[in-house]
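# A look at the structure
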Amino acid sequence: MQQVVRPRRAVDPADDDLGALIAARRPGYSLPAALYTGAAAFEADISVVFHHHWIVVGVEADVPEPGDVYAVDIGPTPIILVRDDEGQIRAFHNVCSHRGAKIVPSGRAIVGKLVCPYHQWTYELTGELTGATHMGLDFDKALHHLQPVALRNIGGLIYVCLSNDPPEDIAAFEAIMGPRLAPYDLANTKIAYETDLIEEGNWKLTMENNRECYHCAGNHPELALSYYSTDLGFDPSELSDEEREQADWLSAQYAERTALWEACGLPSSTVNNVVGHPTQFRTQRLIIAGAGESQTLDTRAACRLPLSEEVATGSGDTHLWTVNGWNHFMGDHAVVFTVLPLGPDKSLLRTKWLVHKDAVEGEDYDLANLISVWVDTNREDADLVRIAHQGAMSAGYRPGPYSRFTERTLDEWSTWYVERMQAHGYGV
Amino acid sequence: MQQVVRPRRAVDPADDDLGALIAARRPGYSLPAALYTGAAAFEADISVVFHHHWIVVGVEADVPEPGDVYAVDIGPTPIILVRDDEGQIRAFHNVCSHRGAKIVPSGRAIVGKLVCPYHQWTYELTGELTGATHMGLDFDKALHHLQPVALRNIGGLIYVCLSNDPPEDIAAFEAIMGPRLAPYDLANTKIAYETDLIEEGNWKLTMENNRECYHCAGNHPELALSYYSTDLGFDPSELSDEEREQADWLSAQYAERTALWEACGLPSSTVNNVVGHPTQFRTQRLIIAGAGESQTLDTRAACRLPLSEEVATGSGDTHLWTVNGWNHFMGDHAVVFTVLPLGPDKSLLRTKWLVHKDAVEGEDYDLANLISVWVDTNREDADLVRIAHQGAMSAGYRPGPYSRFTERTLDEWSTWYVERMQAHGYGV
Amino acid sequence: MQQVVRPRRAVDPADDDLGALIAARRPGYSLPAALYTGAAAFEADISVVFHHHWIVVGVEADVPEPGDVYAVDIGPTPIILVRDDEGQIRAFHNVCSHRGAKIVPSGRAIVGKLVCPYHQWTYELTGELTGATHMGLDFDKALHHLQPVALRNIGGLIYVCLSNDPPEDIAAFEAIMGPRLAPYDLANTKIAYETDLIEEGNWKLTMENNRECYHCAGNHPELALSYYSTDLGFDPSELSDEEREQADWLSAQYAERTALWEACGLPSSTVNNVVGHPTQFRTQRLIIAGAGESQTLDTRAACRLPLSEEVATGSGDTHLWTVNGWNHFMGDHAVVFTVLPLGPDKSLLRTKWLVHKDAVEGEDYDLANLISVWVDTNREDADLVRIAHQGAMSAGYRPGPYSRFTERTLDEWSTWYVERMQAHGYGV
């Protein structure tokens, strides 16, 4: 079925006038509707954001051994992650140089070489074409290798950029996050569980939803257990005495814990490189509430094998936001979320739960306990993303005001989006 | 799946050249195909017809009590009907002023206040915003109320207009239909049954299908029982002696009955305000055939409790057509049909059967008997709408001639459509 | 869901700039991606290829008797094949001249007249309108007959052209194929089995897939049994001694067999009218490997009743390719494939297995044995078409080099496509 068009008011720019839509965005407010709902905006997002920025697509544990392949689709563009025989992780376009067929089905496989099923063109794990029959003596295989995709393995998170001219500030991201992720030793984790959830909304609504916790108290009873409510932002004029007391106490706690973390070799200051940074990210180390160990229903560690000895000495939740993902790294496990666009109103949220590679299910961790909080939280968020998209489709939608206390990060997000679109020629 | 495009002949305007398509419409003939099938025409229909005209969306019985909410979607635009604590029915955009989320799921609910599930912004039933945390002391709630939608309750039928400048001739419609609907006392009815049927065709084909009964003899054996065949229009040159006799007899019957109806205080003359009227409608009072009481399989009343004492004294079927609906009001029950567009080739037909609010199912009426005729008739019509749309998709489609005896109302319908599109700047 | 857009590189023409895309096609290489994936290219294909060329839609056995109707949809345009009372096969648009409804559901029926279900307008099998009530004395039925579609019955294959100005070189096709098909006496066959397979790819990828057998060895174990591998094209520099021996032997075999076939009255030279021919086709007579009788798993005849005495005397596989179909005519049965576009990424492959009309299932042929090879082969090909389309959606797709030994026919196919688009005004 064709999508029902979103009606406009007379004052709105046309849905395909991206320049005017970008120019119409008002600081402090959410985006004009058609930037969330329109086909033209979606096409531009694929082109600008997903094809010219560093995108998280997986983790080292997706390809633990030489010959392991992980095929993932960035919108319509399928790529392959493969660990070659030297142990290096490489990325290629998942498209044969002959007739353009997709070589490996989406998902995981173990291969000796990459063989296209269509006509058996055969590529080494380095991308080199070594087999292609019937092409004649003058055919130069060296010109028909797999097309490489830029890749950075940053502390076990795999980032790729489809552009031939990737943003250079990945170096700054690496310099900051490398040391922060190192203690979690992600190279020695395994994927204990993975879920795919298709959210019925624009990918930017999925990202905005994750970037604020204003909605958490009313929607996420499970996740809320591991947060102090005043840690999620607040309007100081609204605090009750009890809340103010908690806020002050928490502030003191952070001072104390940060000193402890830094002493353990766990860098913990907040970094908020969003506005003005092509490779945007934000990281902070959060105190976990309750028993203080992990994002579980009892806030205790779900896995008795820590990710590393180093992190076992200092609790907390290292939070990392990037353009299409978010992450929680804790002493006992990590949760890695990637968002990939499927259509203007459809996005894939893939969630991976990582534990130490030697941890044994049923002995070192109970799987249901490990995944419970985020399985529920994801489902709750998917409902919110759906109604946010439905509202954005309406003639009654108007960009609304972000709270400067609990949604400042969204203002930064939308400002970043406008900046990046302008940097690629829209609305300037 | 993307919709297969409709091929054009060299002489046809392009599917997105609405001006040329509108200009190409020939009086007496159905519309150029792309006005039924094209994405551009659909977008214009949403904008011109559904966002700038009075649209029927429900009945008083959808929100019988204070706090009752009925959420309905006009294409992509969700609205809320709510009865406030003073008993007044109000309409709002079903979109939160904060982050634009759809507040209430489509359908019916009972609420104290309207609370957005996303961040719990809270609105009174008057639309006033009374709760919004974290927005700061300088935040003016009065600027962020729910956006009202123009609403008229005409004899228990609820019309809304999404435009800020609704057509003024709603007053003429109200002046004529108010007194005609008053005797049915719809405020004191309940919805005995409701069906949603998705028709695989353009909404205008659904409307055209209902506006003629040329197709009834061959397709609606159930409905045909309650009509005299000569009451559906005829070519006088084709009448058999028997049919002419019936036509003459029926004509005499109408003279007699009309006098009776008027004497009972039931205004009964036909009003046909279509061409030239933004708020188009047609009403007439029909004699029911057979036992003459109701549109049932035995043409007897389905409900022994009349809608009101007044209508119990005069039988007949008050027929009302509006731009996106049709209605049958009879002594014992009423059937209200609303058509809402879902896509160029997909429309929602919602049908409500109303009986006196005190009628008890199983005692005062048998539900199967009440709904049988129109459940079957709707299904039959959906088949016809589907094949009409399939034909309009074809390169072999040509606008065809309307019968001037049995399809004059369609010529008026299509003329009205062209007029309204021209009034909004297309094809002039 | 809306289709995810295919991302472009900066150097690529826009997806809707068909002229630039056509002009960008490089000889020896597959097409620019958007010609396979884009909505604009699909619309042009429907208009240029499917509405202005001769398209195969069926066989005589689809309408064996007067009153038999076969309704088939060429993209969005439904047509009717009908055998009239004189035994002539006619084609009409399957659209009523009144309100444009599709008259006959897709598929087969037996009728006395063609009666539109909407208002019972009634047409003779010649297309003449003989019944239309309520239209008035001045209504001229002669102006409202069914619209005829150009049709050629060539040796039992039914070709239609939706244009009023069909390519004239159908005469050359008929002159060559008529005598070659005559021995198979298709008029006296019946459809033993028919399958519909929806392939998730552009129709041109379906056609390209069929036009080369480079992929056969790796994908079609069943079909490969009835071919000599060196009969599928090869790079001479790659042949092993054994393969060269086979190639030489096969070449001698062809000389011998061709003489035998011609002596039996079976014209057997290869004709390759693709580039430069609006009504493109290629025909050749192939030697069947193994037992040499038929495309079955044991390469023996599947049906003991031959299609005719004439072909029973000379084995072989008469292969015919046309713009939207391919065919295998063998001594005991024939398989006829038609490809009809459903969307940019969706195509219908309809396959009919024909045997002598007097053959009795279970006695003269075992159905499973008859259809096995091509049921499997079609399924395997559908997988390849799907991954070819997925790859063409990618930003990583580049037009790839066709093998000049085993894919020369694809180069001709793509050249023909470019020629025809240019002939209709694109890219010149």
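Fair warning: this is a prediction, and the values are worked out from it, not measured in the lab.

### A closer look at the overall build of chain A
Counting secondary structure elements, chain A contains eleven helices and 17 strands. Taken over the C-alpha trace, chain A has a radius of gyration of 23 Å; the compact-globule value for 428 residues is 22 Å, and the two agree within 12%. Overall size of chain A, expressed as C-alpha extent along the three principal axes, is 85 × 60 × 35 Å. The buried share of chain A, taken over its 428 residues, is 60%. A fraction of 67% describes how many contacts in chain A between residues 6 or more apart in sequence connect residues 24 or more apart. When the accessible surface of chain A is totalled, it reaches about 15,200 Å², and 50% of it is carbon and sulfur. Of the side chains in chain A, 33 bear a positive and 60 a negative charge, and the two mean positions are spaced by 4 Å.

### Let's talk about the sheet that holds strand β16 (residues 334–343) of chain A
Residue and element names in this part refer to chain A. The sheet built from seven strands is open, its strands ordered β11-β17-β16-β15-β14-β13-β12 with antiparallel pairing. Each end of this open sheet is capped by a strand with a single partner; those strands are β11 (189–199) and β12 (271–273). For this sheet the average axis-to-axis angle between neighbouring strands, irrespective of direction, equals 15 degrees. Where strand β13 (residues 281–286) lies against strand β14 (residues 317–322), six bridges are found, and the strand directions are antiparallel. Residue pairing across strands places Phe 281 opposite Thr 322, the latter belonging to β14.

### Focus: helix α10 (residues 367–392) of chain A
Residues and elements named next belong to chain A. For α10, spanning 26 residues, the distance from its first C-alpha to its last is 37 Å, which sits close to the expected 38 Å at 1.5 Å a residue. Of all the bends in α10, the largest measures some 30 degrees and sits at Val 373. With 19 of 26 residues buried, α10 lies mostly within the body of the structure.

### Some remarks on the interface of chain B and chain A
In this assembly, 38 residues from chain B lie in contact with 39 residues from chain A. When residues of chain B are sorted by the area they lose upon contact with chain A, B:Arg99, B:Tyr118 and B:His134 head the list and together hold 25% of the total. Connecting chain B to chain A are four salt bridges. Of the charged contacts, one joins B:Arg99 and A:Glu208 as a salt bridge, the two residues approaching to 3.8 Å between their closest N and O atoms. Applying the counting criterion to the chain B and chain A interface returns 18 residue pairs in polar contact (both at pLDDT 80 or more). Considering every element that reaches the side of chain B that touches chain A, the biggest residue donor is helix α3 (residues 39–52) of chain B, with five residues. Its residues placed into classes, the side of chain B that touches chain A shows 17 nonpolar, 16 polar and five charged.

### Thoughts on the relation of the copies chain B and chain C
If you rotate chain B by 120 degrees and push it 0.0 Å along the axis, it lands on chain C with an RMSD of 0.0 Å. Overall, the copies show the geometry of a three-fold rotation axis. A share of only 3% of the interface residues of chain B reappears at the interface of chain C, consistent with the copies meeting through non-equivalent patches.

### Comments concerning the sheet that holds strand β2 (residues 68–74) of chain A
All names here are of chain A. Pairing is antiparallel in the open sheet, where four strands are placed in the order β4-β3-β2-β5. If you trace the sheet from one side to the other, it starts and ends with β4 (89–93) and β5 (107–110), each paired once. Sheet twist, expressed as the mean angle between neighbouring strand axes with direction ignored, is 25 degrees. In this structure, β2 lies alongside β5, joined through four bridges in antiparallel fashion. Across the sheet, Asp 68 pairs through a bridge with Ile 110, a residue of β5.

### Side note on the state of the cysteines
For the coordinates displayed, the defined rule picks out three disulfides over all chains. The side chain of A:Cys213 participates in a disulfide bridge whose partner is A:Cys216; the two sulfur atoms lie 1.9 Å from each other. Looking along the S-S bond of the A:Cys213-A:Cys216 disulfide, the torsion reads about -95 degrees, which is the left-handed sense. Residue classification places A:Cys213 among the buried positions, given a relative accessible area of 16%. Relative accessible area serves as the criterion here: at 4%, A:Cys216 is assigned to the buried category. Here C:Cys116 stays unpaired: no disulfide links it, and the sulfur of C:Cys96, its closest cysteine neighbor, is 3.9 Å away. The thiol of C:Cys303 is unpaired, and the distance to the nearest cysteine sulfur, on C:Cys264, comes to 20 Å.

### A closer look at the packing of helix α5 (residues 203–210) of chain C against helix α10 (residues 367–392) of chain C
Residues and elements named next belong to chain C. Two elements in contact, α5 and α10, have axes separated by 9 Å at closest approach and are oriented at 125 degrees. Taken together, the axes of α5 and α10 are oblique relative to one another. Crossing angle aside, the handedness with which α5 passes α10 is right-handed. Contacts from Leu 205, Thr 206, Asn 209 and Asn 210 of α5 reach α10 at Trp 374, Asp 381, Leu 384, Val 385, Ala 388 and His 389. Among the residues forming the contact of α5 with α10, the class breakdown is five nonpolar, four polar and one charged.

### As for the domain arrangement of chain A
Residues and elements named next belong to chain A. In terms of domains, chain A is made up of domain 1 (60–153) and domain 2 (167–423). Placing a centre on the C-alpha atoms of domain 1 and another on those of domain 2 gives a separation of 33 Å. Contact residues are listed per partner, giving eleven residues for domain 1 and twelve residues for domain 2. Contact between domain 1 and domain 2 buries roughly 830 Å² in total, counting both sides, with carbon and sulfur atoms accounting for 51%. When the buried area of domain 1 at its contact with domain 2 is split by residue, Glu 60, Ala 61 and Arg 152 rank highest and sum to 46% of it. Counting every contact that joins domain 1 to domain 2 gives three salt bridges.

### Overview of the interface of chain B and chain C
Taken residue by residue, the interface counts 39 residues in chain B and 38 residues in chain C. In total, about 3,100 Å² of surface goes out of reach between chain B and chain C, with carbon and sulfur atoms giving 57% of it. Between the two partners, chain B and chain C, sit four salt bridges. The tally of links from chain B across to chain C stands at 18 residue pairs in polar contact (both at pLDDT 80 or more). Listing elements by their share of the side of chain B that touches chain C, those giving two or more residues are α5 (203–210), α6 (216–219) and α10 (367–392) of chain B. Here the element with the most residues in the side of chain B that touches chain C is α10(B); it accounts for six residues. Taken together, the residues of the side of chain B that touches chain C break down into 17 nonpolar, 14 polar and eight charged.

### As for the packing of aromatic side chains
Under the defined criterion, the tally for this structure stands at 35 aromatic pairs over all chains. Where B:Phe173 meets B:Phe281, the ring centres are 4.8 Å apart and the plane angle is 65 degrees; that geometry is what we call edge-to-face. With B:Phe173 in helix α4 (residues 170–181) and B:Phe281 in strand β13 (residues 281–286), this pair connects stretches of sequence that are 108 residues apart. The burial state of B:Phe173 is the same as that of B:Phe281; both residues are buried. Members of the aromatic cluster, joined through ring pairs, are A:Phe50, A:Trp203, A:Trp413 and A:Trp416. Lying across the ring of B:Tyr29, B:Arg26 places its NZ or CZ 4.0 Å from the centre.

Definitions and limits used
Residues numbered from 1 in each chain as written. Chains lettered and ligands numbered in written order. Predicted model: local features only at pLDDT ≥ 70, side-chain atom pairs only at ≥ 80, totals over all residues. Heavy atoms only, no water. Helix = DSSP H or I, 4+ residues; strand = E, 2+ residues; numbered from the N terminus. Rg over C-alpha atoms; globule rule 2.2 N^0.38 Å. Buried < 20%, exposed > 50% of the residue type's maximum accessible area, 1.4 Å probe, protein only. Contact = heavy atoms within 4.5 Å. Areas by Shrake-Rupley, 256 points an atom, 1.4 Å probe, with all protein chains shown as cover. Lys, Arg positive; Asp, Glu negative; His and termini not counted. Charge placed at Lys NZ, Arg CZ, Asp CG, Glu CD. Pairing = 2+ DSSP bridges. Axes fitted to C-alpha atoms, helices over the stretch in contact; angles between N-to-C directions. Expected span 1.5 Å × (residues − 1). Bend = angle between axes of the 7 residues up to and from the residue. Buried area = accessible area lost by both parts, 1.4 Å probe. Salt bridge = Lys/Arg side-chain N within 4 Å of Asp/Glu carboxyl O. Polar contact = N/O pair within 3.5 Å; in protein donor to acceptor, adjacent residues only side chain to side chain. Nonpolar A, V, L, I, M, F, W, Y, C, P; charged D, E, K, R; others polar. Least-squares fit on C-alpha atoms with pLDDT ≥ 70 in both. Disulfide = S-S within 2.5 Å. Parallel < 35°, antiparallel > 145°, perpendicular 65-115°, else oblique. Left-handed = near helix turned anticlockwise from the far one by under 90°. Domains from an automatic or database assignment. Phe/Tyr/Trp six-rings, centres within 6.5 Å; stacked < 30°, edge-to-face > 60°. Lys NZ or Arg CZ within 6 Å of the ring centre and 35° of its normal.

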